[in-house]
Amino acid sequence: MMAIYLDYNASGLVRPEVLEIMAKALADNGNPSAVHAAGRRARARVETARAQVAELVGADPTAVVFNSGGTEANAQGLASALAAGCERLIVSATEHPCVAEAAAHAGVPVEVLPVDANGVIDLDWLAQALSRPGRAVVALHHANNESGVIQPVVEAAALVRAADGWLHIDAIQSAGKIPVDMRALDADSLTLSAHKLGGAQGVGALVFKDGVSGVRILHGSGQERGLRAGTENVPGIAGFGVAADCAARDLEAMASHVGWRDAAQARVKAAGATIIGEQAARLPNTLFMAVEGWDSPQQLITLDLAGVMVSAGSACSSGKVKPSKTISAMGLNSLATGGVRVSGGWGTTEGDWSRFADAWIAAYDKHKTRAAARVREVA
(Lines give C-alpha, C1' and ligand atoms only; values in the text may rest on other atoms or scores of the structure.)
Protein backbone atom coordinates (compact mmCIF):
# COMPACT_ATOMS: atom_id res chain seq x y z
CA MET A 1 0.00 0.00 0.00
CA MET A 2 1.12 3.56 -0.69
CA ALA A 3 2.24 5.63 2.27
CA ILE A 4 -0.20 8.24 3.50
CA TYR A 5 0.74 11.74 4.65
CA LEU A 6 -1.01 13.07 7.74
CA ASP A 7 1.37 15.82 8.81
CA TYR A 8 -0.14 18.92 7.21
CA ASN A 9 0.27 21.00 10.38
CA ALA A 10 4.02 20.57 9.98
CA SER A 11 4.01 21.24 6.25
CA GLY A 12 1.23 20.76 3.74
CA LEU A 13 1.81 18.93 0.49
CA VAL A 14 2.34 21.44 -2.31
CA ARG A 15 -0.80 21.90 -4.41
CA PRO A 16 -0.60 21.18 -8.16
CA GLU A 17 -1.84 24.70 -8.93
CA VAL A 18 1.04 26.10 -6.87
CA LEU A 19 3.62 24.00 -8.69
CA GLU A 20 2.29 25.29 -12.01
CA ILE A 21 2.48 29.00 -11.16
CA MET A 22 5.86 28.63 -9.47
CA ALA A 23 7.30 26.90 -12.53
CA LYS A 24 6.12 29.77 -14.73
CA ALA A 25 7.63 32.34 -12.37
CA LEU A 26 10.93 30.45 -12.22
CA ALA A 27 11.09 30.30 -16.00
CA ASP A 28 10.61 34.09 -16.20
CA ASN A 29 12.92 35.12 -13.37
CA GLY A 30 12.86 38.92 -13.54
CA ASN A 31 13.65 41.08 -10.51
CA PRO A 32 10.42 42.78 -9.37
CA SER A 33 12.34 46.03 -8.74
CA ALA A 34 13.50 46.22 -12.36
CA VAL A 35 11.67 48.48 -14.80
CA HIS A 36 12.05 46.26 -17.88
CA ALA A 37 9.37 43.86 -19.10
CA ALA A 38 10.54 40.83 -17.09
CA GLY A 39 10.74 42.96 -13.96
CA ARG A 40 7.23 44.30 -14.53
CA ARG A 41 5.90 40.76 -14.94
CA ALA A 42 7.59 39.74 -11.70
CA ARG A 43 6.12 42.77 -9.92
CA ALA A 44 2.68 41.88 -11.24
CA ARG A 45 3.02 38.36 -9.83
CA VAL A 46 3.98 39.73 -6.42
CA GLU A 47 1.11 42.22 -6.30
CA THR A 48 -1.41 39.65 -7.51
CA ALA A 49 -0.30 37.34 -4.70
CA ARG A 50 -0.48 40.19 -2.20
CA ALA A 51 -4.14 40.71 -3.07
CA GLN A 52 -4.83 36.97 -2.88
CA VAL A 53 -3.24 36.61 0.56
CA ALA A 54 -5.03 39.71 1.83
CA GLU A 55 -8.35 38.31 0.63
CA LEU A 56 -7.83 35.09 2.59
CA VAL A 57 -7.72 37.02 5.89
CA GLY A 58 -9.95 40.00 5.11
CA ALA A 59 -7.14 42.56 5.00
CA ASP A 60 -6.11 45.41 2.75
CA PRO A 61 -3.41 44.30 0.27
CA THR A 62 -1.23 47.26 1.22
CA ALA A 63 -1.02 45.84 4.75
CA VAL A 64 0.66 42.59 3.63
CA VAL A 65 4.44 42.31 4.01
CA PHE A 66 6.03 39.23 2.44
CA ASN A 67 9.00 37.59 4.14
CA SER A 68 10.79 34.26 4.63
CA GLY A 69 8.11 32.56 6.75
CA GLY A 70 6.26 32.45 10.03
CA THR A 71 9.31 32.76 12.28
CA GLU A 72 10.44 36.02 10.69
CA ALA A 73 6.87 37.31 10.51
CA ASN A 74 6.28 36.72 14.21
CA ALA A 75 9.58 38.32 15.16
CA GLN A 76 8.78 41.41 13.10
CA GLY A 77 5.27 41.59 14.52
CA LEU A 78 6.56 41.67 18.10
CA ALA A 79 9.29 44.16 17.19
CA SER A 80 6.69 46.43 15.59
CA ALA A 81 4.54 46.33 18.71
CA LEU A 82 7.47 47.27 20.94
CA ALA A 83 8.49 50.07 18.56
CA ALA A 84 4.93 51.39 18.80
CA GLY A 85 5.33 51.92 22.53
CA CYS A 86 4.53 48.59 24.18
CA GLU A 87 6.63 48.05 27.27
CA ARG A 88 5.99 44.39 28.11
CA LEU A 89 4.91 41.13 26.54
CA ILE A 90 2.17 38.66 27.47
CA VAL A 91 2.61 35.32 25.70
CA SER A 92 0.36 32.29 26.03
CA ALA A 93 1.84 29.18 27.67
CA THR A 94 1.27 27.07 24.57
CA GLU A 95 2.66 29.52 22.03
CA HIS A 96 4.87 28.31 19.19
CA PRO A 97 8.60 28.41 20.04
CA CYS A 98 9.29 31.09 17.42
CA VAL A 99 7.01 33.47 19.36
CA ALA A 100 8.12 32.38 22.82
CA GLU A 101 11.81 32.67 21.91
CA ALA A 102 11.38 36.02 20.17
CA ALA A 103 9.62 37.29 23.28
CA ALA A 104 12.34 35.96 25.57
CA HIS A 105 14.98 37.88 23.61
CA ALA A 106 12.98 41.10 23.20
CA GLY A 107 14.59 42.84 26.16
CA VAL A 108 11.33 43.62 27.97
CA PRO A 109 9.43 41.82 30.76
CA VAL A 110 7.52 38.74 29.62
CA GLU A 111 4.52 37.23 31.38
CA VAL A 112 3.14 33.79 30.55
CA LEU A 113 -0.62 33.58 30.01
CA PRO A 114 -1.79 30.24 31.48
CA VAL A 115 -4.18 27.79 29.84
CA ASP A 116 -6.71 25.36 31.30
CA ALA A 117 -6.76 21.57 31.03
CA ASN A 118 -7.99 21.83 27.44
CA GLY A 119 -5.36 24.37 26.39
CA VAL A 120 -7.67 27.42 26.34
CA ILE A 121 -6.27 30.69 27.66
CA ASP A 122 -7.43 32.10 31.01
CA LEU A 123 -9.26 35.32 30.11
CA ASP A 124 -9.67 36.39 33.75
CA TRP A 125 -5.90 36.14 34.23
CA LEU A 126 -5.38 38.14 31.05
CA ALA A 127 -7.73 40.90 32.22
CA GLN A 128 -5.84 41.22 35.49
CA ALA A 129 -2.46 41.22 33.76
CA LEU A 130 -3.56 43.95 31.36
CA SER A 131 -4.73 46.11 34.26
CA ARG A 132 -1.17 46.38 35.57
CA PRO A 133 1.02 49.37 34.61
CA GLY A 134 2.74 49.40 31.25
CA ARG A 135 1.29 49.07 27.77
CA ALA A 136 1.36 45.41 26.75
CA VAL A 137 1.54 43.40 23.55
CA VAL A 138 -0.41 40.14 23.80
CA ALA A 139 0.92 37.38 21.53
CA LEU A 140 -1.64 34.66 20.95
CA HIS A 141 -1.95 31.92 18.37
CA HIS A 142 -5.37 31.59 16.79
CA ALA A 143 -5.01 27.81 16.92
CA ASN A 144 -2.34 25.70 18.60
CA ASN A 145 0.04 23.96 16.22
CA GLU A 146 0.02 20.71 18.22
CA SER A 147 -3.50 20.30 19.60
CA GLY A 148 -5.42 22.43 17.10
CA VAL A 149 -7.22 24.12 20.03
CA ILE A 150 -8.78 27.40 18.90
CA GLN A 151 -8.35 30.36 21.22
CA PRO A 152 -11.05 32.93 22.11
CA VAL A 153 -9.29 35.66 20.17
CA VAL A 154 -12.28 38.00 19.88
CA GLU A 155 -12.78 37.98 23.66
CA ALA A 156 -9.06 38.52 24.20
CA ALA A 157 -9.09 41.38 21.69
CA ALA A 158 -11.78 43.20 23.67
CA LEU A 159 -9.59 43.05 26.77
CA VAL A 160 -6.53 44.24 24.86
CA ARG A 161 -8.44 47.16 23.32
CA ALA A 162 -9.76 48.26 26.73
CA ALA A 163 -6.17 48.35 28.01
CA ASP A 164 -4.79 50.18 24.94
CA GLY A 165 -2.57 47.20 24.14
CA TRP A 166 -1.40 45.52 20.92
CA LEU A 167 -2.78 42.14 19.86
CA HIS A 168 -0.47 39.98 17.77
CA ILE A 169 -2.13 36.88 16.31
CA ASP A 170 -0.26 33.91 14.89
CA ALA A 171 -2.77 32.55 12.37
CA ILE A 172 -0.30 30.22 10.69
CA GLN A 173 -2.17 27.07 11.67
CA SER A 174 -5.73 28.38 11.43
CA ALA A 175 -5.65 30.09 8.03
CA GLY A 176 -7.08 27.82 5.36
CA LYS A 177 -8.59 25.45 7.93
CA ILE A 178 -11.19 27.75 9.47
CA PRO A 179 -12.32 31.25 8.42
CA VAL A 180 -9.83 33.94 9.45
CA ASP A 181 -10.93 37.57 9.26
CA MET A 182 -8.39 40.05 10.56
CA ARG A 183 -10.93 42.77 11.14
CA ALA A 184 -13.32 40.46 12.99
CA LEU A 185 -10.45 39.19 15.16
CA ASP A 186 -9.42 42.83 15.79
CA ALA A 187 -5.73 42.00 15.56
CA ASP A 188 -3.07 44.68 15.19
CA SER A 189 -0.75 42.24 13.44
CA LEU A 190 -1.23 38.72 12.10
CA THR A 191 1.12 36.14 10.62
CA LEU A 192 0.79 33.54 7.87
CA SER A 193 3.00 30.89 6.28
CA ALA A 194 2.67 29.60 2.73
CA HIS A 195 3.67 25.99 3.36
CA LYS A 196 0.80 25.44 5.79
CA LEU A 197 -1.61 26.23 2.94
CA GLY A 198 -0.10 24.03 0.26
CA GLY A 199 2.47 26.58 -0.87
CA ALA A 200 6.25 26.39 -0.78
CA GLN A 201 8.42 26.48 2.31
CA GLY A 202 10.37 29.67 2.97
CA VAL A 203 7.59 32.20 2.30
CA GLY A 204 5.39 33.96 4.82
CA ALA A 205 3.58 37.20 5.49
CA LEU A 206 3.02 39.72 8.25
CA VAL A 207 -0.30 41.54 7.95
CA PHE A 208 -1.05 44.79 9.75
CA LYS A 209 -4.35 46.28 10.87
CA ASP A 210 -5.60 49.27 8.91
CA GLY A 211 -3.69 52.32 10.08
CA VAL A 212 -1.02 50.31 11.94
CA SER A 213 2.59 50.53 10.79
CA GLY A 214 5.52 48.23 11.42
CA VAL A 215 9.28 48.36 11.67
CA ARG A 216 11.80 46.43 9.65
CA ILE A 217 14.14 43.91 11.23
CA LEU A 218 16.16 43.24 8.07
CA HIS A 219 17.96 46.30 6.73
CA GLY A 220 19.01 47.02 3.18
CA SER A 221 17.11 48.27 0.18
CA GLY A 222 13.50 49.42 0.17
CA GLN A 223 11.57 46.31 -0.81
CA GLU A 224 8.13 45.64 0.68
CA ARG A 225 7.49 49.36 1.23
CA GLY A 226 10.71 49.60 3.22
CA LEU A 227 9.57 46.99 5.74
CA ARG A 228 11.54 43.97 4.53
CA ALA A 229 14.83 44.35 2.72
CA GLY A 230 15.93 41.79 0.13
CA THR A 231 14.80 40.76 -3.32
CA GLU A 232 11.40 39.15 -3.11
CA ASN A 233 11.06 35.39 -3.62
CA VAL A 234 8.82 35.82 -6.64
CA PRO A 235 8.12 32.12 -7.38
CA GLY A 236 7.41 31.42 -3.72
CA ILE A 237 5.20 34.49 -3.35
CA ALA A 238 3.28 33.69 -6.53
CA GLY A 239 2.71 30.19 -5.19
CA PHE A 240 1.65 31.64 -1.84
CA GLY A 241 -1.05 33.67 -3.58
CA VAL A 242 -2.43 30.67 -5.44
CA ALA A 243 -2.29 28.57 -2.26
CA ALA A 244 -4.29 31.27 -0.47
CA ASP A 245 -6.89 31.24 -3.25
CA CYS A 246 -7.15 27.45 -3.10
CA ALA A 247 -7.37 27.45 0.70
CA ALA A 248 -10.25 29.92 0.64
CA ARG A 249 -12.01 27.83 -1.99
CA ASP A 250 -11.54 24.62 0.01
CA LEU A 251 -12.70 25.84 3.43
CA GLU A 252 -15.98 23.95 3.15
CA ALA A 253 -14.15 20.77 2.14
CA MET A 254 -11.78 21.20 5.07
CA ALA A 255 -14.76 21.21 7.43
CA SER A 256 -15.57 17.66 6.29
CA HIS A 257 -12.45 16.46 8.13
CA VAL A 258 -14.32 16.84 11.43
CA GLY A 259 -16.36 13.70 10.85
CA TRP A 260 -13.38 11.74 9.59
CA ARG A 261 -11.20 12.94 12.46
CA ASP A 262 -13.87 12.24 15.07
CA ALA A 263 -14.40 8.69 13.81
CA ALA A 264 -10.67 7.96 14.08
CA GLN A 265 -10.58 9.71 17.44
CA ALA A 266 -13.36 7.55 18.85
CA ARG A 267 -11.50 4.40 17.84
CA VAL A 268 -8.10 5.33 19.29
CA LYS A 269 -9.74 6.64 22.45
CA ALA A 270 -11.55 3.34 22.93
CA ALA A 271 -8.19 1.61 22.50
CA GLY A 272 -6.66 3.65 25.32
CA ALA A 273 -5.48 7.01 23.96
CA THR A 274 -6.12 10.31 25.72
CA ILE A 275 -7.34 13.03 23.36
CA ILE A 276 -5.59 16.34 24.04
CA GLY A 277 -7.96 19.33 24.04
CA GLU A 278 -10.96 17.12 23.40
CA GLN A 279 -13.45 19.42 25.14
CA ALA A 280 -12.28 22.58 23.37
CA ALA A 281 -13.01 23.92 19.90
CA ARG A 282 -10.34 22.54 17.58
CA LEU A 283 -9.24 22.77 13.99
CA PRO A 284 -11.21 20.28 11.89
CA ASN A 285 -8.10 18.57 10.55
CA THR A 286 -6.19 17.99 13.79
CA LEU A 287 -6.06 15.10 16.27
CA PHE A 288 -3.55 15.28 19.12
CA MET A 289 -3.41 12.22 21.35
CA ALA A 290 -1.13 10.58 23.87
CA VAL A 291 -0.66 7.45 25.93
CA GLU A 292 1.41 7.02 29.05
CA GLY A 293 4.49 4.81 28.86
CA TRP A 294 4.87 4.78 25.07
CA ASP A 295 7.12 7.59 23.91
CA SER A 296 6.41 9.55 20.75
CA PRO A 297 9.47 8.45 18.72
CA GLN A 298 8.58 4.79 19.17
CA GLN A 299 5.06 5.45 17.98
CA LEU A 300 6.21 7.49 14.98
CA ILE A 301 8.72 4.87 13.84
CA THR A 302 6.15 2.10 14.13
CA LEU A 303 3.56 4.08 12.20
CA ASP A 304 6.07 5.09 9.54
CA LEU A 305 6.96 1.44 8.98
CA ALA A 306 3.24 0.85 8.47
CA GLY A 307 3.17 3.59 5.83
CA VAL A 308 1.53 6.31 7.95
CA MET A 309 3.37 9.62 8.32
CA VAL A 310 2.42 11.68 11.38
CA SER A 311 4.39 13.75 13.87
CA ALA A 312 5.06 13.94 17.59
CA GLY A 313 3.87 16.27 20.26
CA SER A 314 7.44 16.28 21.54
CA ALA A 315 10.83 17.05 20.07
CA CYS A 316 13.56 14.41 19.96
CA SER A 317 17.28 15.07 20.08
CA SER A 318 19.99 12.41 20.22
CA GLY A 319 17.48 9.82 21.34
CA LYS A 320 16.17 11.95 24.21
CA VAL A 321 12.49 12.79 24.42
CA LYS A 322 11.51 16.33 25.37
CA PRO A 323 8.04 16.72 26.91
CA SER A 324 5.44 18.49 24.80
CA LYS A 325 5.18 22.11 25.90
CA THR A 326 1.49 22.10 25.06
CA ILE A 327 0.67 18.98 27.04
CA SER A 328 2.74 20.14 30.01
CA ALA A 329 1.04 23.56 30.04
CA MET A 330 -2.29 21.76 30.30
CA GLY A 331 -1.14 19.94 33.44
CA LEU A 332 -0.94 16.50 31.81
CA ASN A 333 2.72 15.85 32.62
CA SER A 334 2.43 12.07 32.65
CA LEU A 335 1.45 12.18 28.97
CA ALA A 336 3.89 14.84 27.82
CA THR A 337 6.40 12.47 26.17
CA GLY A 338 3.80 10.34 24.43
CA GLY A 339 2.04 12.78 22.13
CA VAL A 340 1.16 12.03 18.50
CA ARG A 341 -0.32 14.64 16.19
CA VAL A 342 -2.35 13.62 13.16
CA SER A 343 -3.25 16.38 10.72
CA GLY A 344 -4.96 16.18 7.36
CA GLY A 345 -5.12 18.60 4.47
CA TRP A 346 -6.23 19.21 0.92
CA GLY A 347 -5.05 15.77 -0.28
CA THR A 348 -6.40 13.73 2.65
CA THR A 349 -9.27 11.25 2.33
CA GLU A 350 -11.60 9.60 4.79
CA GLY A 351 -9.72 6.35 4.13
CA ASP A 352 -6.46 7.97 5.27
CA TRP A 353 -7.94 8.74 8.68
CA SER A 354 -9.33 5.22 8.95
CA ARG A 355 -6.01 3.67 7.96
CA PHE A 356 -4.22 5.73 10.61
CA ALA A 357 -6.59 4.42 13.28
CA ASP A 358 -6.07 0.83 12.08
CA ALA A 359 -2.28 1.21 12.18
CA TRP A 360 -2.11 2.92 15.56
CA ILE A 361 -4.46 0.46 17.29
CA ALA A 362 -2.54 -2.52 15.92
CA ALA A 363 0.77 -0.97 16.99
CA TYR A 364 -0.51 -0.14 20.46
CA ASP A 365 -1.80 -3.68 20.94
CA LYS A 366 1.68 -5.02 20.11
CA HIS A 367 3.28 -2.49 22.45
CA LYS A 368 1.06 -3.54 25.34
CA THR A 369 1.77 -7.21 24.65
CA ARG A 370 5.53 -6.59 24.69
CA ALA A 371 5.26 -4.47 27.84
CA ALA A 372 3.30 -7.19 29.61
CA ALA A 373 5.89 -9.79 28.60
CA ARG A 374 8.69 -7.63 30.03
CA VAL A 375 6.80 -7.33 33.31
CA ARG A 376 6.43 -11.12 33.49
CA GLU A 377 10.15 -11.55 32.83
CA VAL A 378 11.06 -9.22 35.67
CA ALA A 379 8.62 -10.95 38.00
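Criteria and thresholds
- Residues numbered from 1 in each chain as written.
- Predicted model: local features only at pLDDT ≥ 70, side-chain atom pairs only at ≥ 80, totals over all residues.
- Heavy atoms only, no water.
- Axes fitted to C-alpha atoms, helices over the stretch in contact; angles between N-to-C directions.
- Helix = DSSP H or I, 4+ residues; strand = E, 2+ residues; numbered from the N terminus.
- Parallel < 35°, antiparallel > 145°, perpendicular 65-115°, else oblique.
- Left-handed = near helix turned anticlockwise from the far one by under 90°.
- Contact = heavy atoms within 4.5 Å.
- Nonpolar A, V, L, I, M, F, W, Y, C, P; charged D, E, K, R; others polar.
- Core = buried A, V, L, I, M, F, W, Y, C linked by side-chain atoms within 4.5 Å.
- Buried < 20%, exposed > 50% of the residue type's maximum accessible area, 1.4 Å probe, protein only.
- 1 Å grid on protein atoms, 1.4 Å probe; cavity = no way out; pocket = protein on both sides within 12 Å on 5 of 7 lines; lining within 4 Å.
- Points joined across faces, edges and corners; volume = space filled by probe spheres on them.

Details of the packing of helix α1 (residues 16-27) against helix α8 (residues 234-249)
Moving on, step 1. Running from N to C, α1 and α8 cross one another at 155°; their axes reach a closest spacing of 8 Å. Judged by the angle between their axes, α1 and α8 are roughly antiparallel. In this structure, α1 meets α8 at a crossing whose hand is right-handed. Between α1 and α8, the residues in contact are Glu17, Val18, Ile21, Met22, Ala25 and Leu26 and Val234, Pro235, Gly236, Ala238, Gly239, Val242, Ala243, Cys246 and Arg249, respectively.
Moving on, step 2. Here the residues of the contact of α1 with α8 sort into 11 nonpolar, two polar and two charged.

Description of the nonpolar core
Moving on, step 1. With 75 residues, the main nonpolar core has Phe66, Leu190, Leu192 and Phe240 as its most contacted residues.
Moving on, step 2. Discounting residues that sit within four places of it in the chain, Leu192 has contacts with Val53, Val57, Gly70, Ala171, Ile172, Ala175, Gly204, Ala205, Val207 and Phe240.
Moving on, step 3. Leu287, Val310, Val342 and Ala359 belong to the second-largest nonpolar core, a separate cluster that totals 26 residues.

Comments concerning the layout of surface pockets
Moving on, step 1. Size it by volume and the largest pocket reaches roughly 490 Å³.
Moving on, step 2. Contributions of two or more residues to the lining of the largest pocket are made by α3 (70-83), α4 (97-104) and α12 (325-329).
Moving on, step 3. Looking at the lining of the largest pocket, its residues break down into eight nonpolar, 17 polar and six charged.
Moving on, step 4. Around the second largest pocket, the lining comprises 20 residues; the ones closest to its centre are Arg15, Asp250, Met254, Gly345 and Trp346.
Moving on, step 5. Secondary structure elements with two or more residues in the lining of the second largest pocket: α9 (251-255) and α10 (257-271).
Moving on, step 6. Counted by class, the lining of the second largest pocket contains eight nonpolar, eight polar and four charged residues.

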